[in-house]
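Residues per chain are reported as follows:
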Amino acid sequence: MATPTIDQARDGDTNITEQVTLSQPIPAGTTFEAIAVLPGGRQVTGAVNADGSFTVATGDPLVAGTQVAVHIKAVNGTFSKESTPATMTVADALPTNPIENYDVPAPLVTPAVEGDKSVKGHVNLVTPIPANTTFKALVTYEDGTTAEVAVPETGDFEVPTRTLVADEKVAVKVIAQNGMNQKESPTTEITISKAVATDPLDGYTVPKPSVDPVTSADTSVTGQITLNNPPVGTTFIANVKMADGSIKKANVMPDGNFTVATGALEANAVLEVTITAQNSGYEKVSDPTTVTVSRADPLENYVVAKPSVDPIKEGDQAVTGNVTLNKPVPDGTTFEAVVTLPNGDQITATVDDQGQFTVPVAGIKEGDKLTIKVVAHNDGFDKDSDPVNVTVDKAVPTNPLEGYGVAQPVVDPVKAGDTAVTGKVTLEEPIPAGTTFEAEVTLPDGSMKTGMLNPDGTFTVDTGTLAAGDELIVHVIAHNGANQKESNPIHVIVAADTTTNPIENYTVNAPVVNPMTDGETQVTGQVNLGIPIPNRTTFTAVVTLADGTTTSAPVAADGQFTVATNTLVAETTVGVKIVATNGTFTKDSSIVYQTVSPQLDTNPLANYTVNQPTVEPVTADQTSVKGQVTLATPIPDGTTFEATVTLPNGAQKTAAVDANGSFEVVTGRLTADSNLSVKITAKNSTYTKDSENVSVTVGASTVENPLENYDVAEPVVDPVKEGDKQATGSGH
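Remarks on the overall build of the protein chain
Move 1: Looking only at helices and strands, the protein chain features zero helices and 58 strands.
Move 2: Relative to a compact globule of 732 residues, whose C-alpha radius of gyration would be 27 Å, the protein chain shows 51 Å and is clearly more extended.
Move 3: Counting all 732 residues of the protein chain, 39% fall into the buried class.
Move 4: Long-range contacts, defined as pairs at least 24 residues apart, comprise 64% of the intrachain contacts of the protein chain with a sequence gap of at least 6.
Move 5: For the protein chain, the accessible area works out to roughly 40,600 Å², and carbon and sulfur atoms hold 49% of it.

This is the structure:
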């Protein structure tokens, strides 16, 4: 087998690449792998490609001066064969380019005139300059020939040239050189001007620059000059003489403003700024303006957050709290918390790197007012947070719950399918200040669920779906600071679910809604509550406005309701329904829709006659009163009619009168010989008008009672003992 050829590896490499010539023909089923033996004897391998190339990953970087041996291994079934190894010494790493990320600025070139034999200029060399870097200025003529000169650290240069010709264009750039590496600046191009016999700047005063304040945080000097009608063709350069004597330059803009890049500045350094006017090869310099670099306030734009202070009580020996240290925090910044006592004394403590602070205090009393702030410090500069004012609270005992008795809860029955445990506890008074309570339920799997107590002592703990036979343990826990105390537990067995819907077959009648008028803020009406009403059933009137919002109110025992609403708007439609509720079960009536009427200036019913109704005979076996009324025409627009039956006990039942004048008022069971009063009421907007009453006497039942003469015998009941779930017996 051929010996492999190894590519030169260098210090820091993590791969060895090489090539081997695979002798032909290759026996069928043969594969090849490269094996590299590293210093210390460790072996690493890599597959050989079909063209004989391979790459072996070394894992750890290679070290210059160490040796690596590589050989090729052919494998075919259980047979293998190895080549002679090739040995290589790891070479030093290739040098990096130290000026790869260095910025070479474009040069500022002094205008040149015909006859000149040099090109002058300046480049602001960015600091720090990479070690061993040199610079040269290169002038390129129109014919492509060049001239160059070394650039000193000051950045000033003068490139000797051939005699320059008017209107000739020359390009100037600066080249940084470091070893084999070069980097060029952008090119500055100038056109050679014709010679001027006289100095156009003679008699012209170059304005002294006005320089903006400079701080140690700045990396440039800015300012402006007033250009007082300079000679035509005059350009200006701003010069900044640095503390080390070097010069930084920049062109002055047409509006007189200038910005000279300087790099980092040191506090207290003195800079000298001048303006150079240039015209046709002539130059003139202004008087200098001196500026001292002031120390920058590192906290100027930093926001010191307002601290959060823990409650303070009489007898505390420290004020504690924390503050959010907004990021980034300026380098060198420290923070301290300052507490101002009622007598004006101030006590301080360091804020740690997590924003926590503890300020020792002594002798503080209930009612004392303390002010707490956080102060940032950096190199002589300070910045305060907004203050926090705290009043010292009264002292509390070590454990405020020590002598407090947590009452045992009363738990409501729980049945299969329930997803919560409810109950109530009567809390012992007085309750220690700051105490909160929660109910805790331990489930059969040992997990615990909690729920906070309401102010009235009731609680609801969500448990997930419960199963019949589950044993639950319920107790109340009082919390006060780090202290807690538990009540005695209550053990509850989840019962089987035997609940039926008591309102499943109950009819919830639609309401009779009183007319609504623009501007009103309530909806009123009445509903005939069907008798008998299942025990524990309550009723709610629900109003849905035109925008979809809903409001509701309880229905009174006589069926009357008043639901507060937003201001009603004319011509909008309002829906009203009655909802019956019994435990977790609800049932809705049909919805009655009514349009809100515009406000009327006069009573539309003032001259309208509401006729007396004709009532059909009523007997004791009936549960409603029917009748008819002749609706006098014309009927005022927006008028509705309802029939009202007043029962012997004074209760009133109502029902709408239909367009034909017919009505049926559900009354519930009636008693023979009792007297009823029936009237018709016309309603329009907020106005109503009644007919005269018709008196009706309830007649005897016309349905024979088959049980009237039947004697129902008294039952014989079997003995009942504690724990029984049913009573048994017999009737004779």
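Structural notes on the packing of aromatic side chains
Move 1: Applying the stated criterion across every chain, the model contains five aromatic pairs.
Move 2: Over the ring of Tyr141 we find Arg162, and its NZ or CZ is 3.9 Å from the ring centre.

So, the pattern of salt bridges
Move 1: Per the stated rule, a full pass over the model turns up 13 salt bridges.
Move 2: The closest approach of N and O atoms between Arg162 and Glu168, which form a salt bridge, is 3.1 Å.
Move 3: Here Arg162 falls in the partly exposed class, since its relative accessible area comes to 37%.
Move 4: In this structure, Asp379 and Arg295 form a salt bridge, with 3.2 Å as the shortest nitrogen-oxygen distance. Placement of Asp379 in the loop between β30 (369-378) and β31 (381-384) and of Arg295 in the loop between β24 (289-292) and β25 (308-309) is noted, with a sequence separation of 84 residues between them.
Move 5: One connected set of salt bridges, linked through shared partners, spans Asp143, Arg162 and Glu168.

Thoughts on the nonpolar core
Move 1: Formed by 27 residues in total, the largest nonpolar core has its most connected members in Ile312, Val319, Leu370 and Ile372.
Move 2: Looking at this core, the elements that each hand over two or more residues are β27 (334-340), β29 (356-360), β30 and β32 (388-391).
Move 3: A per-element tally of this core places β30 first, with four residues.
Move 4: Apart from residues lying up to four places away in sequence, Ile372 is in contact with Pro307, Val309, Val319, Val338, Val339, Phe357, Asp386, Pro387, Val388 and Val390.
Move 5: Counting residues in each nonpolar core, the second largest holds 25 residues, with Val615, Leu647, Val696 and Val698 among its members.

Let's talk about the sheet that holds strand β41 (residues 512-513)
Move 1: The sheet built from three strands is open, its strands ordered β41-β42-β45 with antiparallel pairing. Each edge of the sheet is formed by a strand with only one pairing partner; in this case those strands are β41 and β45 (560-564).
Move 2: One ladder, built from two bridges, connects β41 with strand β42 (residues 522-526); its direction is antiparallel. Bridged to Val513 within β42 is Gly525.

As for the pairing of strand β12 (residues 146-151)
Strand residues, when the strand is regular, have side chains that alternate between the two faces of the sheet.
Move 1: Pairing of strand β11 (residues 134-140) with β12, which is carried by six bridges, proceeds in the antiparallel orientation. Across the sheet, residue Phe135 finds its bridge partner in β12, namely Val151.
Move 2: Where β11 folds back onto β12 in an antiparallel hairpin, the turn is made up of five residues, including Gly144, whose phi is positive at roughly 90°.

Details of the sheet that holds strand β17 (residues 210-211)
Move 1: Strand order in the open sheet formed by three strands is β17-β18-β21, with antiparallel pairing between adjacent strands. Every other strand in the sheet has two partners, leaving β17 and β21 (257-261) as the edge strands with one partner each.
Move 2: Note: β17 against strand β18 (residues 220-224), two bridges, orientation antiparallel. Of the residues in β18, the one forming a bridge with Ser210 is Gln224.

Points about the environment of Ala69
Move 1: Here Ala69 shows up in strand β6 (residues 67-76).
Move 2: Placed 13 residues apart in sequence, Ala69 and Glu82 show a C-alpha to C-alpha distance of 13 Å.
Move 3: Once residues within four sequence positions are removed from consideration, Ala69 is found in contact with Ile35, Ala36, Val37, Ala86 and Thr87.

Re the environment of Thr274
Move 1: With respect to the helices and strands, Thr274 occurs in strand β22 (residues 270-279).
Move 2: You can call Thr274 buried: its relative accessible area is 13%.
Move 3: Taking the C-alpha atoms as reference points, Thr274 and Ala564, 290 residues apart in sequence, are found 81 Å from one another.

Observations concerning empty space enclosed by the protein
Move 1: In this structure the tally under the stated criterion is one cavity of 30 Å³ or more.
Move 2: Approximately 40 Å³ is the volume found for the largest cavity.
Move 3: Lining the largest cavity we find Asn509, Asn528, Leu529, Gly530, Ile531, Lys653, Val666, Thr667 and Gly668.
Move 4: Its residues assigned to classes, the lining of the largest cavity shows three nonpolar, five polar and one charged.

A word on the confidence of the model for the protein chain
Move 1: Here the protein chain averages 91 in pLDDT, while 97% of its residues score no lower than 70.
Move 2: Between the elements of the protein chain, mean pLDDT differs from a low of 72, seen in strand β58 (residues 729-730), to a high of 97, seen in strand β43 (residues 538-544).

Brief notes about the pairing of strand β15 (residues 181-184)
Move 1: Two elements, strand β14 (residues 169-178) and β15, share four bridges in a ladder whose sense is antiparallel. Note that in β15 the partner of Asn178 across the bridge is Asn181.

Some points on the environment of Val338
Move 1: Structurally, Val338 is set in strand β27.
Move 2: Exposure remark for Val338: the relative accessible area of 5% places this residue in the buried category.
Move 3: Each C-alpha atom, one on Val338 and one on Ala28, is 86 Å from the other, the two residues being 310 residues apart in sequence.

Notes on unusual backbone geometry
Move 1: Put simply, Lys327 and Pro328 share a cis peptide bond, and its omega is -5°.
Move 2: Among the structural elements, Pro328 can be located in the loop between β26 (318-322) and β27.
Move 3: In this model, Glu429 is joined to Pro430 through a cis peptide bond whose omega is -5°.
Move 4: Tracing the sequence through the fold places Pro430 in the loop between β34 (420-424) and β35 (436-442).
Move 5: Of note in the backbone geometry, Asn132 takes a positive phi value of approximately 70° without being a glycine.

Details of the side chain of Thr110
Move 1: If you trace the backbone, Thr110 turns up in the loop between β9 (108-109) and β10 (118-122).
Move 2: Here Gln278 takes part through its side chain, which lies 3.5 Å from a polar atom of the side chain of Thr110.
Move 3: In contact with Thr110, not counting residues within four places along its chain, are Lys120, Gly121, Ile190, Gln278 and Glu283.

Calculation rules
- Residues numbered from 1 in each chain as written.
- Predicted model: local features only at pLDDT ≥ 70, side-chain atom pairs only at ≥ 80, totals over all residues.
- Heavy atoms only, no water.
- Helix = DSSP H or I, 4+ residues; strand = E, 2+ residues; numbered from the N terminus.
- Rg over C-alpha atoms; globule rule 2.2 N^0.38 Å.
- Buried < 20%, exposed > 50% of the residue type's maximum accessible area, 1.4 Å probe, protein only.
- Contact = heavy atoms within 4.5 Å.
- Areas by Shrake-Rupley, 256 points an atom, 1.4 Å probe, with all protein chains shown as cover.
- Phe/Tyr/Trp six-rings, centres within 6.5 Å; stacked < 30°, edge-to-face > 60°.
- Lys NZ or Arg CZ within 6 Å of the ring centre and 35° of its normal.
- Salt bridge = Lys/Arg side-chain N within 4 Å of Asp/Glu carboxyl O.
- Core = buried A, V, L, I, M, F, W, Y, C linked by side-chain atoms within 4.5 Å.
- Pairing = 2+ DSSP bridges.
- 1 Å grid on protein atoms, 1.4 Å probe; cavity = no way out; pocket = protein on both sides within 12 Å on 5 of 7 lines; lining within 4 Å.
- Points joined across faces, edges and corners; volume = space filled by probe spheres on them.
- Nonpolar A, V, L, I, M, F, W, Y, C, P; charged D, E, K, R; others polar.
- pLDDT = per-residue confidence, 0-100.
- Polar contact = N/O pair within 3.5 Å; in protein donor to acceptor, adjacent residues only side chain to side chain.

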